[in-house]
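Observations on the model geometry
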Amino acid sequence: MTSTSVIQPALDIAAIRSQFPILHREVKGKPLVYFDNAATAQKPQVVIDALVNYYSHYNANIHRGIHTLAEEATAGFEATRDAFRHFVNARHREEIIITKGTTESINLVAYTWARQQLQAGDEVIISGMEHHSNIVPWQIICAEKQASLKVIPVDDNGELVLEEYYKLLTPRTKLVSVVHVSNALGTVNPVKDIISAAHNAGAKVFIDGAQSAVHLDIDVQELDCDFFACSVHKLYGPTGVGMLYGKKELLAEMPVFLGGGEMIKEVSFEQTTYADLPYKYEAGTPNIADTVATAAALNYVQEIGKANIRAHEDELLQHATSRLLTIDGLTIIGRAKEKTSLISFVIDGIHPQDVGILLDNRGIAVRTGHHCAQPLMARFKIPGTIRASFAVYNTLEEVDALLAGLQHAVKLLR
Ligand code: PMP
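If you look the chain up in an unreviewed UniProt entry, it shows as Probable cysteine desulfurase from Terrimonas rubra. UniProt lists a comment for the chain under the heading Sequence similarities (unreviewed entry), and it reads "Belongs to the class-V pyridoxal-phosphate-dependent aminotransferase family. Csd subfamily." Annotation of the chain in UniProt includes, under Cofactor (unreviewed entry), the sentence "pyridoxal 5'-phosphate".

Bringing the site of the ligand into the picture now. Near the ligand you find Thr102, Thr103, His131, Ser133, Val179, Asn183, Asp208, Ala210, Gln211, Ser231, His233 and Lys234, and these make up its full shell. Separating a nitrogen atom of the ligand from a side-chain N or O atom of His131 is a distance of 3.3 Å. Separating a nitrogen atom of the ligand from a side-chain N or O atom of Lys234 is a distance of 2.8 Å. For the ligand, whose free accessible area comes to 390 Å², the fraction covered by protein is 85%. Given that more than half its atoms are within 2 Å of the pocket grid, the ligand belongs to the largest pocket. Each residue belonging to the shell around the ligand can be placed in one class, and the counts come to two nonpolar, eight polar and two charged.

Tyr165, Val176, Phe228 and Tyr393 are the most contacted members of the largest nonpolar core, which has 81 residues in total. Among the elements that line this core, the one with the most residues is helix H10 (residues 288-304), at eight residues. With 27 residues, the next largest nonpolar core counts Leu316, Ala320, Leu324 and Leu358 among its residues.

A word on the sheet that holds strand E13 (residues 330-332). Strand order in the open sheet made by the four strands is E13-E14-E17-E16, with antiparallel pairing throughout. Two strands close off the open sheet at either side, each with one partner strand: E13 and strand E16 (367-369). The mean angle between the axes of side-by-side strands here comes to 30 degrees, regardless of whether they run parallel or antiparallel. One ladder, built from four bridges, connects strand E14 (residues 342-347) with strand E17 (residues 385-389); its direction is antiparallel. Of the residues in E17, the one forming a bridge with Ser344 is Arg387.

As annotated in UniProt, the feature "domain: Aminotransferase class V" (unreviewed entry) corresponds to residues 33-402 in the numbering used here. For residues 33-402, the helix share is 39%, the strand share is 17%, and the end-to-end C-alpha distance is 8 Å.

With respect to the helices and strands, Thr291 occurs in helix H10. Overall, Thr291 belongs to the buried group, its relative accessible area being 1%. Once residues within four sequence positions are removed from consideration, Thr291 is found in contact with Phe77, Thr80, Ile98 and Val241.

Let us now look at empty space enclosed by the protein. Counted according to the given criterion, the structure contains two cavities of 30 Å³ or more. Volume-wise, the largest cavity comes out at about 90 Å³. Asn37, Val214, His215, Lys234 and Phe390 are, among the 13 residues lining the largest cavity, the residues nearest its centre. Class assignment for the residues of the lining of the largest cavity results in six nonpolar, five polar and two charged. Both of domain 1 (13-31 + 305-413) and domain 2 (48-302) provide at least three residues apiece to the lining of the largest cavity. Lining the second largest cavity, in full, are Ile62, His63, Glu262, Tyr279, Glu282, Gly284 and Pro286. Tallied by class, residues from the lining of the second largest cavity come to three nonpolar, two polar and two charged.

Calculation notes
Residues numbered from 1 in each chain as written. Predicted model: local features only at pLDDT ≥ 70, side-chain atom pairs only at ≥ 80, totals over all residues. Heavy atoms only, no water. UniProt positions renumbered as here; feature names shortened; annotations may be inferred. Near = heavy atom within 4 Å. Polar contact = N/O pair within 3.5 Å; in protein donor to acceptor, adjacent residues only side chain to side chain. Areas by Shrake-Rupley, 256 points an atom, 1.4 Å probe, with all protein chains shown as cover. 1 Å grid on protein atoms, 1.4 Å probe; cavity = no way out; pocket = protein on both sides within 12 Å on 5 of 7 lines; lining within 4 Å. Sits in = over half its atoms within 2 Å of the grid points. Nonpolar A, V, L, I, M, F, W, Y, C, P; charged D, E, K, R; others polar. Core = buried A, V, L, I, M, F, W, Y, C linked by side-chain atoms within 4.5 Å. Buried < 20%, exposed > 50% of the residue type's maximum accessible area, 1.4 Å probe, protein only. Helix = DSSP H or I, 4+ residues; strand = E, 2+ residues; numbered from the N terminus. Pairing = 2+ DSSP bridges. Axes fitted to C-alpha atoms, helices over the stretch in contact; angles between N-to-C directions. Contact = heavy atoms within 4.5 Å. Points joined across faces, edges and corners; volume = space filled by probe spheres on them. Domains from an automatic or database assignment.

Structure, rendered in C-alpha cells:
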C-alpha cells in the first residue's frame, strides 16, 4: 500500500487550529503567529495525549520484559516502526531504523556504510544547499578515508545545476547525498533524476528528507533511494525521534554503529554477535515515549493528507510571495520553479535579526540567520535571511500580519 494522498475539498483550518493548544497562547500580548515550522512544528492534542497516556498507563522498558507493561510499551514502539514503514512505503519493516532524528541517521550511515566502503581517492557528492548535518559527517569520514567531497552548484534561482552534477559523477563516486527540500530556500530537488543518474554511475544515494517528509508523499521504493532520513519533530510529532530507511541488503551488510544492549545476540569477553535488523542499529534504551507518540503524529499527517497540506501551504506561499514583494528593497532568496512551504528573504540595509526581534514584539515567530546552511549563504553572499515557514495550521490572515509587521519594521529601521 502506498502513502499517496488524495486531494479533498479545502481543509477546515479553524478546526485544525483548534487541535493545537499552543496556537491559543499569546506572545507579548498578541496572538501567536508561528512561522518557524521548518525548525520544528507544533504538536496537536492527539500527540500530546499519546505521550501522557504512555507515561500514565504503560511506561516500561521495551523488548526485554515479559510483564504486561513491557509488552504494551514494546507493542507501542513497534507500532511506530510499522507506521514509518507505511509513511515512506518501505518494502520491509526491518528497513526502518528508529533514531534520534535526521542528524543521527546521517551520522549512522557515515560511520558505518561510508567508513567501510570509502577508500582513498573515492568521491562523495553533496549539494551546495545542504544543511550542516548533511555536510559535516561526510567531511569527517572523507578526511578519515582520504576521499574527496564534491559539491553540486546552486544557481541564482536556488536550483541545483544538474548539468554540473552529471559531470561530477565518475567511477570514483561512491555516494551522492542530497537534500529533498531545502530548509533555507524551499527548493524541491529533482531527486528521482539525481538518484537514477547516481545509480547509473554505480553510486549509492542518501536523501535528506528532513524538510520533505511533511509536505511531499514519500515512496522510497518508487524513488529507489538507498537511504532516506527524516525527523518527527518537523512532522507535528515529538522531538528526539527520527527514522533512517535503508535498503535491506545494505543495512544487513553494514558494520554496527553504537555498541551496547539491545543490538547484540550474544556477548562474551572473546566475541560478540549482533542482533538482526533493525535492532542491530538500535543500541541502548531508546526514546520510548516519544517514539510511541510518533505513530499518532504520522497518522495525523496521513489523515489530513499530504496533498491537502501541500495545497494549503502552496496557497500561503503564493500569497506571501506576492505580498512581500510589495516591500521596497525586499529580495526573495530562492525562486525555484519547484518550491514549497517557506519563503526566505533579505531586505536592503536591514539586518535580519533586527527584523526578527521586531516581529517577535508582534507575536510573530520567524527564523533569522544562516539556517545551518552557511555555505549556501556564502553562495548568495549574504550573512543570513529572514525565513517564514508554513504549516497546515497557518492562515492567509497570518501572512497579512507578517506583511504588516515587515512594513512596520522597515519604517523603523530605515
Ligand atoms: N536537514 C535539513 C534539511 C534540515 O532542515 C534539518 C533540521 N533543520 C536537518 C537536516 C537536521 O534535522 P535534526 O536537527 O532534526 O536532526
